[in-house]
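Spelled out, the chains give:
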Amino acid sequence: MILNSLKEVKEIVLPLLSSRTEFALDYETLVGKHVIEYEITVVGLCFGREHIYSIPVGCREVFGEDKKDVDLSAVLSLLRPFLESSLVRKIAHNAKFEKHVSLNYGIRLRNTFCTLVAGALVDENIPLSLKVRCAEVGLVLEDCATVTSRCAKVQCADDLLTYCGNDALACYLLKQVYSKRLKEKGVWKNFLTETALQHAIMKVERRGIGLSIPLLKKIDRKIQKELATVEGKIYVEAGSEFNLRSAAQVGEVLFTQMRLPILKKTPGGKPSTDAQVLDDLSAGVIVKGELRKYPIAEYMARHRQLSKLSGTYTGPTGDLRTLVIKGRIHTNLNQLNARTGRMCVDKD
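These notes cover the structure that comes with them. Along each chain, numbering runs from 1 in the same order as the chain's sequence is written. Where local features are concerned, this predicted model is filtered to residues with pLDDT of at least 70; where side-chain atom pairs are given and counted, the filter is 80 or more; whole-chain, interface and lining totals use all residues. Side-chain calculation: all heavy atoms of the structure are included, whereas hydrogens and water are not.

**Concerning the overall build of the chain**
Only DSSP runs of H or I with at least four residues qualify as helices, and only runs of E with at least two residues qualify as strands; both kinds are numbered from the N terminus onward. In terms of regular secondary structure, the chain is built from 14 helices and 12 strands. Radius of gyration (C-alpha) of the chain: 28 Å, far over the 20 Å computed for a compact globule of 348 residues. Each principal axis of the C-alpha distribution contributes one length, and for the chain these read about 90 × 45 × 35 Å. Only protein chains enter the accessibility calculation, which uses a 1.4 Å probe; a residue whose area is less than 20% of its type maximum is buried, one above 50% is exposed, and one in between is partly exposed. Across the 348 residues that make up the chain, the buried fraction comes to 43%. Across the chain, contacts joining residues at least 24 apart in sequence account for 62% of those joining residues at least 6 apart. All accessible-area figures derive from a Shrake-Rupley calculation using a 1.4 Å probe, and residue coverage is judged against the displayed protein chains alone. For the chain, the accessible surface area stands at approximately 18600 Å², while carbon and sulfur atoms represent 52% of it. Residues counted as positive are Lys and Arg, residues counted as negative are Asp and Glu, and His and the chain ends are not counted. Where a charge lies is defined by one atom per residue type: Lys uses NZ, Arg uses CZ, Asp uses CG and Glu uses CD. Charge-centre separation for the chain: the mean point of 51 positive side chains lies 6 Å from the mean point of 40 negative side chains. Atoms counted for the radius of gyration: C-alpha only. Globule rule: 2.2 Å times the number of residues to the power 0.38. We call two residues in contact when some of their heavy atoms are within 4.5 Å.

Here it is in C-alpha coordinates:
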(Lines give C-alpha, C1' and ligand atoms only; values in the text may rest on other atoms or scores of the structure.)
Protein backbone atom coordinates (compact mmCIF):
# COMPACT_ATOMS: atom_id res chain seq x y z
CA MET A 1 0.00 0.00 0.00
CA ILE A 2 1.32 3.44 -0.97
CA LEU A 3 0.83 6.13 1.65
CA ASN A 4 0.59 9.51 -0.05
CA SER A 5 -0.01 11.75 2.95
CA LEU A 6 1.29 12.31 6.45
CA LYS A 7 -2.25 11.74 7.70
CA GLU A 8 -2.21 8.20 6.29
CA VAL A 9 1.16 7.54 7.90
CA LYS A 10 -0.18 8.69 11.26
CA GLU A 11 -3.45 6.78 11.02
CA ILE A 12 -2.13 3.52 9.55
CA VAL A 13 1.53 3.13 10.48
CA LEU A 14 1.75 4.69 13.94
CA PRO A 15 -0.73 2.25 15.58
CA LEU A 16 1.26 -0.68 14.13
CA LEU A 17 4.56 0.76 15.31
CA SER A 18 3.12 1.22 18.79
CA SER A 19 1.81 -2.33 19.05
CA ARG A 20 4.54 -4.43 17.36
CA THR A 21 7.94 -5.51 18.64
CA GLU A 22 9.52 -5.69 15.18
CA PHE A 23 9.12 -4.50 11.61
CA ALA A 24 11.09 -4.56 8.37
CA LEU A 25 12.64 -1.37 7.02
CA ASP A 26 13.88 -0.57 3.52
CA TYR A 27 15.15 2.70 2.04
CA GLU A 28 15.37 3.58 -1.64
CA THR A 29 17.85 6.40 -2.13
CA LEU A 30 19.51 8.95 -4.35
CA VAL A 31 23.14 7.88 -4.55
CA GLY A 32 26.26 9.99 -3.96
CA LYS A 33 29.97 9.21 -3.69
CA HIS A 34 29.30 7.09 -0.61
CA VAL A 35 26.30 6.00 1.41
CA ILE A 36 27.05 8.79 3.93
CA GLU A 37 25.75 11.17 1.25
CA TYR A 38 22.68 9.18 0.14
CA GLU A 39 19.24 10.79 0.33
CA ILE A 40 16.01 8.89 0.94
CA THR A 41 13.42 8.77 -1.85
CA VAL A 42 11.17 6.00 -0.53
CA VAL A 43 10.62 4.53 2.94
CA GLY A 44 9.37 0.93 2.97
CA LEU A 45 7.84 -0.66 6.06
CA CYS A 46 6.46 -4.17 6.60
CA PHE A 47 4.67 -5.67 9.61
CA GLY A 48 3.63 -8.91 7.85
CA ARG A 49 2.05 -10.02 4.57
CA GLU A 50 -1.07 -7.94 5.18
CA HIS A 51 0.76 -4.79 6.24
CA ILE A 52 3.21 -3.57 3.58
CA TYR A 53 3.65 0.19 3.13
CA SER A 54 5.69 2.49 0.92
CA ILE A 55 6.02 6.21 1.55
CA PRO A 56 7.27 8.46 -1.28
CA VAL A 57 9.46 11.17 0.23
CA GLY A 58 11.77 12.14 -2.65
CA CYS A 59 10.29 10.72 -5.86
CA ARG A 60 9.07 13.99 -7.33
CA GLU A 61 12.60 15.34 -7.66
CA VAL A 62 13.83 12.12 -9.25
CA PHE A 63 10.98 11.24 -11.59
CA GLY A 64 9.38 14.64 -12.15
CA GLU A 65 5.93 13.57 -11.05
CA ASP A 66 3.10 16.02 -10.49
CA LYS A 67 1.93 14.48 -7.25
CA LYS A 68 3.61 15.64 -4.08
CA ASP A 69 5.85 13.60 -1.83
CA VAL A 70 5.15 13.19 1.83
CA ASP A 71 7.38 15.54 3.81
CA LEU A 72 10.50 13.54 4.68
CA SER A 73 11.37 15.41 7.88
CA ALA A 74 7.82 14.91 9.17
CA VAL A 75 7.89 11.19 8.35
CA LEU A 76 11.25 10.69 10.04
CA SER A 77 10.05 12.65 13.06
CA LEU A 78 7.19 10.17 13.45
CA LEU A 79 9.43 7.16 12.92
CA ARG A 80 12.42 8.32 14.98
CA PRO A 81 11.28 7.01 18.42
CA PHE A 82 10.75 3.53 16.96
CA LEU A 83 13.89 3.55 14.80
CA GLU A 84 16.00 4.52 17.80
CA SER A 85 14.23 2.24 20.28
CA SER A 86 16.23 -0.75 21.53
CA LEU A 87 12.93 -2.48 22.36
CA VAL A 88 11.70 -2.61 18.75
CA ARG A 89 13.65 -4.76 16.30
CA LYS A 90 14.28 -3.39 12.80
CA ILE A 91 14.76 -6.01 10.08
CA ALA A 92 16.75 -5.13 6.94
CA HIS A 93 18.85 -6.78 4.28
CA ASN A 94 22.29 -5.27 4.88
CA ALA A 95 21.24 -3.34 7.96
CA LYS A 96 24.52 -1.43 7.76
CA PHE A 97 23.09 0.46 4.79
CA GLU A 98 19.93 1.46 6.69
CA LYS A 99 22.08 2.46 9.67
CA HIS A 100 24.20 4.70 7.45
CA VAL A 101 21.24 6.34 5.73
CA SER A 102 19.42 6.87 9.04
CA LEU A 103 22.50 8.56 10.47
CA ASN A 104 22.51 10.90 7.48
CA TYR A 105 19.39 12.33 9.11
CA GLY A 106 20.68 12.18 12.68
CA ILE A 107 18.84 8.95 13.55
CA ARG A 108 20.65 6.13 15.35
CA LEU A 109 19.09 2.87 14.18
CA ARG A 110 19.17 0.44 17.11
CA ASN A 111 18.34 -3.25 17.56
CA THR A 112 18.66 -4.49 13.99
CA PHE A 113 18.33 -7.95 12.46
CA CYS A 114 20.37 -8.16 9.26
CA THR A 115 19.08 -10.86 6.90
CA LEU A 116 22.29 -10.53 4.86
CA VAL A 117 24.45 -11.57 7.82
CA ALA A 118 21.96 -14.19 8.97
CA GLY A 119 21.77 -15.68 5.48
CA ALA A 120 25.54 -15.99 5.26
CA LEU A 121 25.62 -17.94 8.52
CA VAL A 122 22.65 -20.13 7.62
CA ASP A 123 23.94 -21.10 4.16
CA GLU A 124 27.05 -19.45 2.70
CA ASN A 125 26.73 -21.35 -0.57
CA ILE A 126 23.68 -19.41 -1.78
CA PRO A 127 24.33 -15.90 -3.19
CA LEU A 128 23.58 -13.27 -0.56
CA SER A 129 21.56 -10.84 -2.68
CA LEU A 130 17.97 -10.32 -1.61
CA LYS A 131 16.86 -11.00 -5.19
CA VAL A 132 18.17 -14.57 -4.81
CA ARG A 133 17.37 -15.13 -1.15
CA CYS A 134 13.72 -14.06 -1.46
CA ALA A 135 13.02 -17.35 -3.29
CA GLU A 136 13.35 -19.06 0.10
CA VAL A 137 10.08 -17.42 1.15
CA GLY A 138 8.32 -17.79 -2.19
CA LEU A 139 8.87 -14.27 -3.51
CA VAL A 140 10.27 -12.95 -6.78
CA LEU A 141 11.98 -9.55 -6.84
CA GLU A 142 13.09 -7.50 -9.81
CA ASP A 143 16.51 -5.93 -10.01
CA CYS A 144 16.45 -2.44 -8.46
CA ALA A 145 18.34 -0.85 -11.37
CA THR A 146 15.78 -2.24 -13.82
CA VAL A 147 12.87 -0.88 -11.81
CA THR A 148 14.48 2.54 -11.39
CA SER A 149 15.26 2.77 -15.11
CA ARG A 150 11.69 1.88 -16.02
CA CYS A 151 10.28 4.46 -13.60
CA ALA A 152 12.57 7.14 -15.02
CA LYS A 153 11.39 6.44 -18.58
CA VAL A 154 7.69 6.82 -17.74
CA GLN A 155 8.28 9.44 -15.02
CA CYS A 156 6.26 7.47 -12.52
CA ALA A 157 7.57 6.04 -9.24
CA ASP A 158 4.76 3.54 -8.58
CA ASP A 159 6.87 0.51 -9.55
CA LEU A 160 9.71 1.67 -7.30
CA LEU A 161 7.28 2.16 -4.43
CA THR A 162 5.96 -1.37 -4.94
CA TYR A 163 9.52 -2.70 -5.18
CA CYS A 164 10.48 -1.01 -1.91
CA GLY A 165 7.51 -2.54 -0.11
CA ASN A 166 8.30 -5.98 -1.52
CA ASP A 167 11.91 -5.63 -0.36
CA ALA A 168 10.66 -4.96 3.15
CA LEU A 169 8.28 -7.94 2.93
CA ALA A 170 11.10 -10.25 1.81
CA CYS A 171 13.23 -9.14 4.76
CA TYR A 172 10.37 -9.62 7.20
CA LEU A 173 9.67 -13.16 6.01
CA LEU A 174 13.34 -14.14 5.80
CA LYS A 175 13.87 -13.05 9.38
CA GLN A 176 11.19 -15.47 10.58
CA VAL A 177 12.97 -18.30 8.75
CA TYR A 178 16.54 -17.35 9.59
CA SER A 179 16.06 -16.68 13.29
CA LYS A 180 14.96 -20.32 13.73
CA ARG A 181 17.68 -21.76 11.52
CA LEU A 182 20.42 -19.77 13.26
CA LYS A 183 19.45 -21.39 16.55
CA GLU A 184 19.03 -24.83 15.01
CA LYS A 185 22.55 -24.64 13.54
CA GLY A 186 23.95 -23.38 16.85
CA VAL A 187 25.28 -20.14 15.34
CA TRP A 188 23.06 -17.62 17.10
CA LYS A 189 26.01 -16.30 19.13
CA ASN A 190 28.01 -15.98 15.92
CA PHE A 191 25.17 -13.91 14.51
CA LEU A 192 25.23 -11.58 17.52
CA THR A 193 29.00 -11.19 17.14
CA GLU A 194 28.72 -10.42 13.42
CA THR A 195 25.92 -7.93 14.15
CA ALA A 196 28.12 -6.09 16.65
CA LEU A 197 31.00 -6.16 14.14
CA GLN A 198 28.70 -4.75 11.45
CA HIS A 199 27.96 -1.76 13.65
CA ALA A 200 31.66 -1.20 14.35
CA ILE A 201 32.44 -1.41 10.61
CA MET A 202 29.73 1.15 9.90
CA LYS A 203 31.39 3.58 12.31
CA VAL A 204 34.78 3.05 10.64
CA GLU A 205 33.25 3.67 7.20
CA ARG A 206 31.64 6.91 8.35
CA ARG A 207 34.84 8.11 9.96
CA GLY A 208 36.85 7.34 6.83
CA ILE A 209 40.61 7.23 6.36
CA GLY A 210 42.61 10.43 6.17
CA LEU A 211 44.32 10.86 2.81
CA SER A 212 46.55 13.45 1.17
CA ILE A 213 46.55 12.92 -2.59
CA PRO A 214 49.30 15.58 -3.08
CA LEU A 215 51.51 13.61 -0.67
CA LEU A 216 50.78 10.35 -2.51
CA LYS A 217 51.74 12.00 -5.79
CA LYS A 218 54.96 13.28 -4.25
CA ILE A 219 55.84 9.79 -3.05
CA ASP A 220 54.98 8.33 -6.44
CA ARG A 221 57.31 10.78 -8.19
CA LYS A 222 60.16 9.53 -6.00
CA ILE A 223 59.22 5.94 -6.81
CA GLN A 224 59.15 6.66 -10.55
CA LYS A 225 62.58 8.29 -10.32
CA GLU A 226 64.04 5.25 -8.56
CA LEU A 227 62.30 2.93 -11.04
CA ALA A 228 64.02 4.69 -13.93
CA THR A 229 67.39 4.35 -12.19
CA VAL A 230 66.86 0.65 -11.46
CA GLU A 231 65.71 -0.02 -15.04
CA GLY A 232 68.89 1.59 -16.32
CA LYS A 233 71.01 -0.69 -14.13
CA ILE A 234 69.11 -3.77 -15.35
CA TYR A 235 69.64 -2.87 -19.01
CA VAL A 236 73.35 -2.27 -18.42
CA GLU A 237 73.71 -5.70 -16.79
CA ALA A 238 71.67 -7.37 -19.57
CA GLY A 239 73.40 -5.50 -22.38
CA SER A 240 70.09 -4.52 -24.00
CA GLU A 241 66.59 -3.28 -23.23
CA PHE A 242 63.63 -5.68 -22.90
CA ASN A 243 60.12 -5.80 -21.39
CA LEU A 244 60.57 -6.17 -17.65
CA ARG A 245 56.88 -7.03 -17.25
CA SER A 246 57.16 -10.03 -19.55
CA ALA A 247 58.09 -13.21 -17.67
CA ALA A 248 59.08 -14.83 -20.96
CA GLN A 249 61.50 -12.03 -21.87
CA VAL A 250 62.92 -11.88 -18.34
CA GLY A 251 63.51 -15.65 -18.44
CA GLU A 252 65.13 -15.39 -21.87
CA VAL A 253 67.55 -12.70 -20.68
CA LEU A 254 68.45 -14.33 -17.35
CA PHE A 255 68.72 -17.97 -18.30
CA THR A 256 69.43 -18.05 -22.04
CA GLN A 257 71.48 -14.91 -22.69
CA MET A 258 73.21 -14.48 -19.32
CA ARG A 259 73.15 -18.18 -18.39
CA LEU A 260 72.22 -17.70 -14.74
CA PRO A 261 71.64 -20.99 -12.86
CA ILE A 262 68.07 -22.29 -12.98
CA LEU A 263 66.89 -22.75 -9.39
CA LYS A 264 63.26 -23.67 -9.96
CA LYS A 265 60.83 -24.32 -12.80
CA THR A 266 57.20 -23.35 -13.32
CA PRO A 267 54.47 -26.02 -13.60
CA GLY A 268 54.83 -25.55 -17.36
CA GLY A 269 58.48 -26.54 -17.20
CA LYS A 270 60.01 -23.11 -17.83
CA PRO A 271 62.65 -21.49 -15.56
CA SER A 272 60.92 -19.60 -12.75
CA THR A 273 61.56 -15.89 -12.17
CA ASP A 274 59.45 -15.54 -9.02
CA ALA A 275 60.43 -13.39 -6.06
CA GLN A 276 62.14 -16.22 -4.16
CA VAL A 277 64.31 -17.09 -7.17
CA LEU A 278 65.36 -13.47 -7.62
CA ASP A 279 66.16 -13.17 -3.89
CA ASP A 280 68.26 -16.34 -3.94
CA LEU A 281 70.17 -15.27 -7.05
CA SER A 282 70.76 -11.87 -5.50
CA ALA A 283 72.02 -13.32 -2.20
CA GLY A 284 74.30 -15.71 -4.06
CA VAL A 285 74.33 -19.36 -5.06
CA ILE A 286 77.11 -21.93 -5.14
CA VAL A 287 78.25 -22.63 -8.71
CA LYS A 288 81.12 -25.10 -9.14
CA GLY A 289 82.11 -24.65 -5.51
CA GLU A 290 82.12 -20.85 -5.77
CA LEU A 291 79.59 -18.36 -4.31
CA ARG A 292 78.28 -16.17 -7.10
CA LYS A 293 75.98 -13.19 -6.74
CA TYR A 294 73.96 -11.72 -9.59
CA PRO A 295 73.26 -7.98 -9.28
CA ILE A 296 70.68 -8.05 -12.08
CA ALA A 297 68.45 -10.29 -9.91
CA GLU A 298 68.64 -7.75 -7.06
CA TYR A 299 67.70 -4.92 -9.43
CA MET A 300 64.78 -6.92 -10.85
CA ALA A 301 63.45 -7.72 -7.38
CA ARG A 302 63.61 -4.05 -6.47
CA HIS A 303 61.93 -3.08 -9.73
CA ARG A 304 59.00 -5.39 -8.93
CA GLN A 305 58.66 -3.95 -5.42
CA LEU A 306 58.59 -0.39 -6.69
CA SER A 307 56.19 -1.23 -9.52
CA LYS A 308 53.83 -2.87 -7.01
CA LEU A 309 53.96 0.17 -4.72
CA SER A 310 53.22 2.56 -7.53
CA GLY A 311 50.63 0.45 -9.30
CA THR A 312 48.67 -0.44 -6.18
CA TYR A 313 49.13 2.36 -3.67
CA THR A 314 50.65 5.65 -4.84
CA GLY A 315 49.87 5.72 -8.55
CA PRO A 316 46.07 5.22 -8.96
CA THR A 317 45.02 8.50 -7.32
CA GLY A 318 42.38 8.99 -9.99
CA ASP A 319 40.42 6.03 -8.60
CA LEU A 320 40.89 7.30 -5.07
CA ARG A 321 39.35 10.67 -5.89
CA THR A 322 35.99 8.99 -6.42
CA LEU A 323 36.11 7.74 -2.82
CA VAL A 324 37.34 10.91 -1.11
CA ILE A 325 34.93 13.17 0.76
CA LYS A 326 36.40 16.13 2.63
CA GLY A 327 39.90 14.69 2.56
CA ARG A 328 38.97 11.20 3.78
CA ILE A 329 38.44 7.88 1.96
CA HIS A 330 34.99 6.41 2.49
CA THR A 331 34.46 2.92 1.13
CA ASN A 332 32.48 -0.23 1.86
CA LEU A 333 34.10 -2.76 4.16
CA ASN A 334 32.52 -6.12 3.38
CA GLN A 335 32.62 -8.60 6.26
CA LEU A 336 31.04 -11.49 4.35
CA ASN A 337 32.47 -11.92 0.84
CA ALA A 338 36.05 -13.00 1.59
CA ARG A 339 36.19 -16.79 1.99
CA THR A 340 39.32 -16.49 4.13
CA GLY A 341 37.37 -14.76 6.90
CA ARG A 342 39.00 -11.41 6.25
CA MET A 343 37.15 -8.27 5.23
CA CYS A 344 37.33 -7.10 1.65
CA VAL A 345 36.83 -3.60 0.31
CA ASP A 346 34.25 -2.53 -2.25
CA LYS A 347 34.05 0.93 -3.80
CA ASP A 348 30.36 1.20 -2.98
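**Overview of the packing of aromatic side chains**
Any pair of Phe, Tyr and Trp rings, taking the six-membered ring for Trp, is counted once the centres come within 6.5 Å. Such a pair is stacked with planes under 30 degrees apart, edge-to-face with planes over 60 apart, and tilted for the rest. What the rule picks out here adds up to 6 aromatic pairs. Taken together, the ring pairs in this structure connect Phe-23, Phe-47 and Tyr-53 into an aromatic cluster. When the ring centre of Phe-113 is taken as reference, the NZ or CZ atom of Lys-175 above it lies at 5.7 Å. Positioned over the ring face of Trp-188 is Lys-183, at 4.9 Å from the centre of the ring. A ring is scored as having a charge over it whenever the NZ atom of a lysine or the CZ atom of an arginine sits within 6 Å of its centre and within 35 degrees of its normal.

**Re the sheet that holds strand 10 (residues 328-329)**
Adjacent strands of a sheet form backbone hydrogen bonds with each other and so pair up, either parallel or antiparallel. Being paired, for any two strands, means DSSP has found at least two bridges between them. As summarised here, the arrangement of the 3 strands in space is 6-10-9, forming an open sheet in which the pairing is antiparallel. Because the sheet does not close on itself, it has two edges, and the strands there are strand 6 (209-210) and strand 9 (324-325). Bridging between strand 6 and strand 10 involves 2 bridges; their strand directions are antiparallel. Bridge pairing in strand 10 links Ile-209 to Ile-329.

**A short note on the pattern of salt bridges**
One side-chain nitrogen of Lys or Arg within 4 Å of one carboxyl oxygen of Asp or Glu is enough to make a salt bridge. Applying the stated criterion across every chain yields a total of 10 salt bridges. Here Glu-22 ties to Arg-89 by a salt bridge, and the two come within 3.2 Å at their closest N and O atoms. Taken together, the residues Glu-22 in strand 1 (residues 22-30) and Arg-89 in strand 4 (residues 89-92) connect sequence positions 67 residues apart. With relative accessibility at 11%, the residue Glu-22 sits in the buried group. By relative accessible area, Arg-89 is classed as partly exposed at 27%. Residue Asp-274 pairs with Lys-264 through a salt bridge whose shortest N-O separation is 2.5 Å. Within this pair, whereas Asp-274 is found in the loop between helix 11 (247-257) and helix 12 (275-283), its partner Lys-264 is found in the loop between helix 11 and helix 12, the two being separated by 10 residues in sequence. Residues joined by salt bridges that share partners form a network here, namely Glu-22, Arg-89 and Lys-175.

**Some remarks on the sheet that holds strand 3 (residues 51-56)**
Strand order in the open sheet formed by 5 strands is 3-2-1-4-5, with mixed pairing between adjacent strands. Looking at which strands have only one partner, the edges of the open sheet turn out to be strand 3 and strand 5 (112-114). Direction aside, the axes of adjacent strands within the sheet are offset by 25° on average. Pairing between strand 1 and strand 2 (residues 39-48): 7 bridges, direction antiparallel. Directly across from Leu-30, in strand 2, lies its bridge partner Glu-39. Note on geometry: axes are lines fitted to C-alpha atoms, helical ones only across the stretch in contact, with angles between N-to-C directions running from 0 to 180 degrees. Sheet contacts for helix 1 (residues 6-19): strand 1, strand 2 and strand 3; angle to strand 3, the most-contacted strand, approximately 130°.

**Observations regarding a positive patch on the surface**
Taken together, the side chains of Lys-217, Lys-218, Arg-221 and Lys-222 make up a positively charged region of the molecular surface. Residue placement: Lys-217 occurs in helix 10 (residues 213-238). The exposure class of Lys-217 is partly exposed, given its relative accessible area of 35%. Two distance rules govern patches: like charges are joined within 9 Å, and nonpolar side chains (Val, Leu, Ile, Met, Phe, Trp, Tyr) within 5 Å, applied only to residues with over 30% relative accessible area and no salt bridge.

**Quick notes on empty space enclosed by the protein**
For cavity detection a 1 Å grid was placed over the protein atoms alone, and a set of points counts as a cavity when a 1.4 Å probe fits there but cannot get out; an open set counts as a pocket when protein lies on both sides within 12 Å along at least five of seven lines, with lining residues being those that have an atom within 4 Å of a point. Grid points are joined across faces, edges and corners, and a volume is the space filled by probe spheres set on the points. In the structure shown here, the tally under the stated rule is 1 cavity of 30 Å³ or more. There is about 40 Å³ of room inside the largest cavity. Every residue along the wall of the largest cavity is listed here: Leu-244, Val-250, Met-300, His-303 and Arg-304. For this classification, the nonpolar set comprises Ala, Val, Leu, Ile, Met, Phe, Trp, Tyr, Cys and Pro, the charged set comprises Asp, Glu, Lys and Arg, and every other residue, Gly included, is treated as polar. Here the residues of the lining of the largest cavity are counted per class, giving 3 nonpolar, 1 polar and 1 charged.

**Observations concerning the state of the cysteines**
Any pair of cysteine sulfurs within 2.5 Å is marked as a disulfide. Taken as a whole, this structure holds 0 disulfides when the rule is applied. Its sulfur unpaired, Cys-134 is 9.8 Å from the next cysteine sulfur, which belongs to Cys-171. A residue is classified by how much of its surface remains accessible, and Cys-134, at 1% relative accessible area, is buried.

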